[in-house]
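Spelled out from the first residue to the last, the chains are:
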Amino acid sequence: MSIQVQNIQKAFGSFIALDNLSLDFPAGELVALLGPSGCGKTTLLRVIAGLEQADSGRVLLDGEDASDTHVRERQVGFVFQHYALFRHMTVFDNVAFGLRMKPRGQRPSEAEIKRKVHELLNLVQLDWLADRFPAQLSGGQRQRIALARALAVEPRVLLLDEPFGALDAKVRKELRRWLRRLHDELHITSIFVTHDQEEALEVADRVVLMNHGRVEQIGSPADVYHQPATPFVYGFLGAANRFEGSSSAGGIAVGASTLTGDAQPEHGKVVAFVRPHELDIILQPDASGIPARISRVLTLGALTRVELEGQADVAGQHFDVELHAANPLVAQLAAGQTVRLQPRQVRVFAQPDTAGAA
Amino acid sequence: MAGAVSSLSVQHDKAGLLESRQATREAPWVKAAILTVALSFFAIFLLLPLVVVFVEALAQGWETYLTALVEPDALSAVKLTLLAAVISVPLNLVFGVAAAWAITRFDFRGKPLLITLIDLPFSVSPVVAGLIYVLVFSSHGWFGPWLAEHDIKVIFAVPGIVLATIFVTVPFVARELIPLLQAQGREEEEAAVVLGARGWQVFWYVTLPNVRWALLYGVILSNARAMGEFGAVSVVSGHIRGETNTLPLHVEILYNEYNFAAAFAVASLLALLALVTLAVKSWVEWRASQTVAVED
Amino acid sequence: MSRAATLPRVLPGFGLSLGYTLSYLSLIVLIPLSAVFIRASELPLDAFWHAVTAPRVLASYRLSFGMALLAAAINTVFGLLLAWALVRYRFPGKKLVDALVDLPFALPTAVAGIALTALYAGNGWLGQYLEPLGIKVAFGPLGVLVALVFIGLPFVVRTVQPVLEDMETELEEAATSLGAHRWQTFRHVILPVLQPALMTGFALAFARGVGEYGSVIFIAGNIPMVSEITPLMIISKLEQYDYAGATAIASVMLVASFLLLLAINGLQAWQARRHGRSA
């Protein structure tokens, strides 16, 4: 089922959580709402579910206006950040809850409920925990039970609020892959909220980047990573070196130096971003490029990270460069050395009023 | 107000740990001094008054004791006390649940004021609590003439006693439930609604099972107060023996008649009620700590 | 008008529960309480003034407020010690002591009153040792103090105890590792953390003491100008059918209660801000 939100506005007191926001979620996709905390992503998810009422704007489910439909009637599955499992019920009763709440006419028989619950518990591979209480489960198990419970009522969409937020790193990775596989099996339109860019890029079909209650960019993980639309997106998705300067004929003038490389034409004051692995270190101190001094060289596994301090016009700025540890250059680098930096890839944005990128 | 104090608390005893570490323990003599002073104070101010009730009650033997309890005036006081509790406790139970639900499950303006108003009966002197009903319902009161016309007696009669009892026990259940429901948050109820639960189903299947111990404790506490209230009831009762005397008032009358053994005998009944209340509290706290232990 | 206000809320029962709460509270508490102020305002000003400033009434304020203050102070000190012992030490019978701290909440005040009187009367268990020393407790102002100490003790213990329990032991360990002695640690690290709770407990015990009736009247002796508490003045006015006088004094007491309630709410909010927990 497709979801559209149109011109959603939501404020809590003087804080604007969602600022005239419109979005389309095509049917069958797994979409990530990604952004820093306070960007409005959880509020948006709760508005779609009907747990929160927007001040204005519409939510369309399958093309129909659902703005005035009660949560109960929206047929959404919602997985809460802290799971919200009923602590006094067994795993079985938790999953069966939605079926047992149906009006008498539509309620399946107990035998049917039993069959269905075990089917779902098998789907999340936790059938053996049916008689346990939520308190006796691990975080990852609770997460999967919460998902099974949400699926039991055959929702038209599945909404997950920070589904992996409360789990430790290892379990999180496993569950990510598992959620992706489950989605490929069920193909139910799903939206999940996350502040972890790696999670969003790895799991989702499509990523929606949000900041200050507005959408910054929508696209496939590859799109948003390689073609960031705004400085915010560039900064949020991965590490970035940031240069301020102005557009000139030969490239971007940063103080007395010039950045060459594939710069898109922009005029006037610009901000240039370079990923650490796309920044070259040039050993000749009088070559063109940004002057910098190496403060630390750190090799971890296959990667070498070089930390540098800007010199002259960029004094006080901090830069990171990533190299393959096998790169012969690595052997020639030492702390204290003065070098030049020249990017291979630059992403240039016209200077924003507020430099909001990380 | 007393809610701050009477609420259930679930804590793990960490005294052993604290005593075993150098940084968190005192010199042995300091510990001995603190324990001696604190426990002596406890013994003199709390334990002795409790003990003296039972000793005095039995001072003239079991026979006098039992006679004092089965005497007709005592029995009618028991009946009236039970009646007041049976009416006021359920009313305040319903009120407490409604108030706690409204306060913890919804956002609305003036909520802090409402919480303060619920606490009000705790901070009003019991004598004033009785007086307000005199001002409203007595022959000099607002509804006095109307009540007299219809031959309804509220003050110096049973209805007044019941009203005063309701007043002093209004906050108990609400005060137990509000902090607990607040701490539990709304997510479980929201999950239930998303899963299709409606109206009462949310309350019965999700909320109630989670708060049943606190609810029980609130009921026990308001019951103890309802049966033991003295000041407020004293103002509205009129002290008519065998008619408008509750147990605490009966104790007063016997005591003022220098019938000490009988007074203490009846008082011992109320002291037993207090002990049962405290026992139930400890039990409920123990139950709650078991649940918490599982959840940790 | 925003739509959020007009649509049904997610959870059921808002109108019903809030409506019931407000109606019940109005009927049982607010309207009857307002009667005191309305009736008091109907009095001629000089009659009102005369009623609330009569010498016997003034003496009762001094006694009620003075003894409540003193009892709250005593309870703050000993309540802290008792809370400390309950949280910090292991000793036999600890569970029992912990449970019995709540006794003054559960024991009917009249029972407490006659029990304390029996203890402190001239021939009582404690009185027989105190009177030869010239200390007359029962049937005098000291009796009022003893009763109010009994009534107020759990307020201090039960507000301080949870704060002590929740206090991070790391704080003390940090202080010790920085070279502080035990007393310095207590004075500069523990006590500041406990301060809001101690003040709240003090205020709760004081507020309860000012209005207390049942446990006091048996032991006080009720000697005019000497050991009559203010609630007793209301009762004696009522017994003389002086409704106006009773109402006037009650309005003074109610104002005092409101002010104390405000102060306590302020203290509890402070405590909650300090420790991120509601008291």
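Residues numbered from 1 in each chain as written. Chains lettered and ligands numbered in written order. Predicted model: local features only at pLDDT ≥ 70, side-chain atom pairs only at ≥ 80, totals over all residues. Heavy atoms only, no water.

Draft legend 1. Representation of the overall build of chain C. Within chain C, the secondary structure is distributed over 14 helices and zero strands. By its C-alpha atoms, chain C is 75 × 65 × 30 Å across when sized along the principal axes. Within chain C, counting contacts between residues at least 6 apart in sequence, those at least 24 apart form 73% of the total. Only carbon and sulfur atoms are counted for the fraction: they give 67% of the accessible area of chain C, which is about 11,300 Å². Each charge sign in chain C was given a centre, from 18 positive and 15 negative side chains, and these centres are 5 Å apart. (Helix = DSSP H or I, 4+ residues; strand = E, 2+ residues; numbered from the N terminus. Contact = heavy atoms within 4.5 Å. Areas by Shrake-Rupley, 256 points an atom, 1.4 Å probe, with all protein chains shown as cover. Lys, Arg positive; Asp, Glu negative; His and termini not counted. Charge placed at Lys NZ, Arg CZ, Asp CG, Glu CD.)

Draft legend 2. Structural context of the sheet that holds strand 15 (residues 279-282) of chain A. Residue and element names in this part refer to chain A. One open sheet accounts for five strands, arranged 15-19-16-17-18; its pairing is antiparallel. The sheet is open, and its two edges are formed by strand 15 and strand 18 (318-324), each paired on a single side. Direction aside, the axes of adjacent strands within the sheet are offset by 45 degrees on average. (Pairing = 2+ DSSP bridges. Axes fitted to C-alpha atoms, helices over the stretch in contact; angles between N-to-C directions.)

Draft legend 3. View of the pattern of salt bridges. Counting across every chain of the model gives 42 salt bridges over all chains. Of the charged contacts, one joins Asp107(B) and Lys111(B) as a salt bridge, the two residues approaching to 3.8 Å between their closest N and O atoms. It is possible to trace a salt-bridge network through shared partners that takes in Arg172(A), Lys173(A), Arg176(A), Asp196(A), Glu198(A), Glu199(A) and Glu202(A). (Salt bridge = Lys/Arg side-chain N within 4 Å of Asp/Glu carboxyl O.)

Draft legend 4. Main features of the interface of chain B and chain C. The interface of chain B with chain C comprises 103 residues on the first partner and 103 residues on the second. Both sides together, the interface formed by chain B and chain C hides about 9,200 Å², and carbon and sulfur atoms give 78% of it. A salt bridge links Glu26(B) to Arg182(C), with the nearest nitrogen and oxygen atoms 2.7 Å apart. Between the two partners, chain B and chain C, sit twelve residue pairs in polar contact (both at pLDDT 80 or more). The element best represented in the side of chain B that touches chain C is helix 3 (residues 28-57) of chain B, accounting for 20 residues. Split by residue class, the side of chain B that touches chain C holds 71 nonpolar, 17 polar and 15 charged. (Buried area = accessible area lost by both parts, 1.4 Å probe. Polar contact = N/O pair within 3.5 Å; in protein donor to acceptor, adjacent residues only side chain to side chain. Nonpolar A, V, L, I, M, F, W, Y, C, P; charged D, E, K, R; others polar.)

Draft legend 5. How the structure looks around the side chain of Glu199(A). Residue and element names in this part refer to chain A. Locating Glu199 in the fold gives a position in helix 7 (residues 197-203). You can call Glu199 buried: its relative accessible area is 2%. At 2.9 Å, the side chain of Glu199 forms a polar contact with the side chain of Thr194. Beyond its immediate chain neighbours, meaning those up to four positions away, Glu199 contacts Phe164, Arg172, Arg176, Phe192, Thr194 and Ala204. (Buried < 20%, exposed > 50% of the residue type's maximum accessible area, 1.4 Å probe, protein only.)

Draft legend 6. Highlighting the packing of helix 7 (residues 126-137) of chain B against helix 9 (residues 158-169) of chain B. All names here are of chain B. At a closest axis distance of 9 Å, the pairing of helix 7 and helix 9 adopts a crossing angle of 135 degrees. Our classification of the angle between helix 7 and helix 9 gives oblique. Where helix 7 crosses over helix 9, the two elements pack in a sense that is right-handed. On the side of helix 7, the interface is formed by Ala129, Ile132, Tyr133 and Phe137, while helix 9 contributes Leu163, Ala164, Phe167 and Val168. Of the residues belonging to the contact of helix 7 with helix 9, the class tally is eight nonpolar, no polar and no charged. (Parallel < 35°, antiparallel > 145°, perpendicular 65-115°, else oblique. Left-handed = near helix turned anticlockwise from the far one by under 90°.)

Draft legend 7. Region of the structure containing a nonpolar patch on the surface. A contiguous nonpolar patch, built from Trp142(B), Phe143(B), Trp146(B), Ile152(B), Leu27(C), Ile31(C) and Ile38(C) and spanning about 680 Å² of accessible area, is present on the exposed surface. Top element by residues in the nonpolar patch is helix 2 (residues 14-41) of chain C. It accounts for three residues. Looking at the element boundaries, Phe143(B) is found in the loop between helix 7 and helix 8 (144-149). Judged by relative accessible area, which is 42%, Phe143(B) ranks as partly exposed. (Patch = residues over 30% accessible without salt bridge, like charges linked within 9 Å, V, L, I, M, F, W, Y side chains within 5 Å.)

Draft legend 8. Region of the structure containing the packing of aromatic side chains. Evaluated as defined, the whole model comprises 32 aromatic pairs over all chains. Plain terms: the ring middles of Trp200(B) and Phe203(B) are 6.2 Å apart, the flat faces sit at 85 degrees to each other, and that makes the pair edge-to-face. Here the residue Trp200(B) and the residue Phe203(B) both occupy positions in helix 12 (residues 200-228), the gap between them amounting to three residues, near one helical turn. Both rings, one in Phe203(B) and one in Trp204(B), keep their centres 6.0 Å apart while their planes meet at 65 degrees; by these two values the pair is edge-to-face. For Phe203(B), a relative accessible area of 14% puts it in the buried group. Site record: aromatic cluster; members linked through ring pairs are Trp101(B), Phe106(B), Phe108(B), Trp200(B), Phe203(B), Trp204(B) and Phe14(C). Geometry around Phe86(A) places Arg149(A) over its ring, the cationic atom sitting 4.6 Å from the centre. Arg88(C) extends its terminal NZ or CZ atom over the ring of Trp84(C), reaching a point 4.7 Å from the ring centre. (Phe/Tyr/Trp six-rings, centres within 6.5 Å; stacked < 30°, edge-to-face > 60°. Lys NZ or Arg CZ within 6 Å of the ring centre and 35° of its normal.)

Draft legend 9. Expanded view of the pairing of strand 17 (residues 303-310) of chain A. Residue and element names in this part refer to chain A. Here strand 16 (residues 290-300) runs beside strand 17; their pairing, made up of eight bridges, is antiparallel. Following the sheet pairing, Arg293 is matched in strand 17 by Glu309. Between the end of strand 16 and the start of strand 17, which pair antiparallel, lie two residues, with Gly301 showing a positive phi angle near 60 degrees. Alignment of strand 17 against strand 18, held across seven bridges, turns out to be antiparallel. Within strand 18, the position partnered with Arg305 by the bridge is Glu322.

Draft legend 10. How the structure looks around the interface of chain A and chain B. Contact with chain A, which involves 27 residues of that partner, is made by 20 residues of chain B. Interface of chain A and chain B: buried area, both sides summed, is about 2,200 Å²; carbon and sulfur atoms make up 60% of it. Area buried by chain A at its contact with chain B is led by Arg72(A), Arg87(A) and Met101(A), which between them contribute 33% of it. Viewed at the interface, chain B and chain A are joined by two salt bridges. Its salt-bridge partner being Glu188(B), residue Arg87(A) comes within 2.8 Å of it at the nearest N-O pair. For the pair chain A and chain B, the interface holds five residue pairs in polar contact (both at pLDDT 80 or more). Put simply, the parts of the chain that give the side of chain A that touches chain B at least two residues each are helix 2 (71-74), strand 6 (76-79), helix 3 (91-100) and helix 5 (139-152) of chain A. When residues of the side of chain A that touches chain B are assigned to their parent elements, the largest contribution, three residues, is made by helix 2 of chain A. In the side of chain A that touches chain B, the residues fall into 16 nonpolar, six polar and five charged.

Draft legend 11. Geometry of unusual backbone geometry. Residue and element names in this part refer to chain A. We note that Asp62 has phi near 55 degrees; this positive angle belongs to a residue other than glycine. Take Asp62: it is sitting in the loop between strand 4 (56-61) and strand 5 (64-65). Judged by relative accessible area, Asp62 falls into the partly exposed class, the value being 45%. Here the phi dihedral of Glu162 falls at roughly 45 degrees; this positive angle occurs in a residue that is not glycine. Looking at the element boundaries, Glu162 is found in the loop between strand 7 (157-161) and helix 6 (169-186).

Draft legend 12. Here's a closer look at the confidence of the model for chain C. All names here are of chain C. Per-residue pLDDT for chain C has a mean of 89; in total, 95% of the residues score no lower than 70. Confidence over residues 1-6 falls short of pLDDT 50; this stretch has nine contacts with residues more than four positions distant or in other chains. Predicted as a complex, the structure gets a pTM of 0.85 and an ipTM equal to 0.90. (pLDDT = per-residue confidence, 0-100.)

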